[in-house]
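# Chains, contacts and geometry: an overview
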Amino acid sequence: MSPVYLDHNATSALRPQARDAVLTMLDQGGNPSSIHAAGRNARRVLERSREQVAGLVGAVAGSLTFTSGGTEASALAIQSAAATGVERILVGATEHDAVWENAQASGLPVATLAVDDQGIVDLPSLQAALELPGRALVCLMLANNETGVLHPVVQAADPVRAAGGWLHVDAVQAAGKIGMTFGALGADSLALSAHKLGGPQGVGALVCGTRATLVRRQHGGGQERGRRAGTENLPGIAGFGAAAEASLAGLHGWADQARWRDRLQARLQAAGALVFGEAVDRLPQTLCVAMPGWASETQVMHMDLGGVMISAGAACSSGKVKASRTITAMGRPDLATCSIRISGGWNSSEADWTRAGDVWLAALEVHQSRQNQVREVA
Ligand code: PLP
């Protein structure tokens, strides 16, 4: 049986259209800053890709700056805010490290915005925090990477705007999985990443509205209208553009994933698993569950041995799983080391989701019989 990959929130499979676009640009070459024919072709591809990515989130192409990924996009927003008069940062408690760490590194005071037991930011707390002195940058992700839970960004945007703040939205997980329009979200900046939606790794973008001023972080050439120096990663950007266009065309396809995800969720719940974010709007292809007393790492290992790749609820960048900050913030620190995330992608099939359930339930049986043996011996 071929292995099943259900870890698309970590990185998704490369879409064929993206692969073709990357390979074409690797073959064609050309520097968009050159004025000869190869350069002009590269420039055309760059600007076409910008339109494709901006099109995915309903933004104006000129408002989009390509970066090396979602992390750099958030870093650029946070550092730009810090350089243009923001005095403090309010960060959602479940933000990704890409935002969390950049906020901490900014040198500005950082306060955390609490979330409820479903992982949703508490809007009255946001309002109260905005009333304190000092212009604020508010960082609120659109969809959480572990649970898929969607924050009410549109509702949060009004008070931020009224207080004269800057709303930065990390849409890395949401883009390509739910439809969105930058203007309607009410955000001042929006971070995107290609590899979460079927593009190549190492390329992302920051969309910036008219109220936000970007300040270049690295100095050099005048690329990206002076907002980000350095020769563009054109093969990556072309792949991002193609993946964004394919994602936009395939948005309707997520309804199937949601059905298959829900069926798996019901099977796991019937066996005693607790589901995070079940009661609120979530990404259609993300399932985060915990089995009390069964460590995330062990679950992930069992699944891997059974040919199904998933991840622990919390990211493990060095091979070691940390307690999930998201689950802790949702009021369940007791489950923060026993949660797993199963995330489908554009090429996941119904059989993949079914197999994930079969393997997990078989592993649970083994785990529970071992627990019983241990209890008997004791
Ligand atoms: N934001 C979220 C919500 C993510 O899930 C990730 C990646 O895991 C990032 C930001 C970072 O994106 P990138 O890997 O492109 O730097």
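Residues numbered from 1 in each chain as written. Predicted model: local features only at pLDDT ≥ 70, side-chain atom pairs only at ≥ 80, totals over all residues. Heavy atoms only, no water.

## Describing the site of the ligand
- Thr71, Asp170, Gln173, Ser193 and Lys196 are the nearest of the 13 residues found near the ligand.
- Separating an oxygen atom of the ligand from a side-chain N or O atom of Thr71 is a distance of 2.6 Å.
- A distance of 2.8 Å separates an oxygen atom of the ligand from a polar atom in the side chain of Gln173.
- Split into classes, the residues belonging to the shell around the ligand amount to 3 nonpolar, 8 polar and 2 charged. (Near = heavy atom within 4 Å. Polar contact = N/O pair within 3.5 Å; in protein donor to acceptor, adjacent residues only side chain to side chain. Nonpolar A, V, L, I, M, F, W, Y, C, P; charged D, E, K, R; others polar.)

## Observations concerning the packing of helix H5 (residues 123–130) against helix H6 (residues 153–162)
- Packing of H5 against H6 leaves a shortest axis separation of 10 Å and a crossing angle of 15°. Between H5 and H6, the angle falls in the class roughly parallel. Here H5 runs over H6; the crossing is right-handed. Two secondary-structure elements touch here, H5 through Leu123, Leu126, Gln127 and Leu130 and H6 through Gln155, Ala156, Pro159 and Val160.
- The residue makeup of the contact of H5 with H6, split by class, is 6 nonpolar, 2 polar and no charged. (Axes fitted to C-alpha atoms, helices over the stretch in contact; angles between N-to-C directions. Helix = DSSP H or I, 4+ residues; strand = E, 2+ residues; numbered from the N terminus. Parallel < 35°, antiparallel > 145°, perpendicular 65-115°, else oblique. Left-handed = near helix turned anticlockwise from the far one by under 90°. Contact = heavy atoms within 4.5 Å.)

## Notes on the sheet that holds strand S8 (residues 204–208)
- Strand order in the open sheet made by the 7 strands is S2-S8-S7-S6-S5-S3-S4, with mixed pairing throughout. Looking at strand neighbours, the two that pair on one side only are strand S2 (64–67) and strand S4 (110–113), the edges of this open sheet. Put simply, the sheet's adjacent strands are angled 20° from each other on average, direction ignored.
- Pairing between strand S6 (residues 166–170) and strand S7 (residues 189–193): 3 bridges, direction parallel. (Pairing = 2+ DSSP bridges.)

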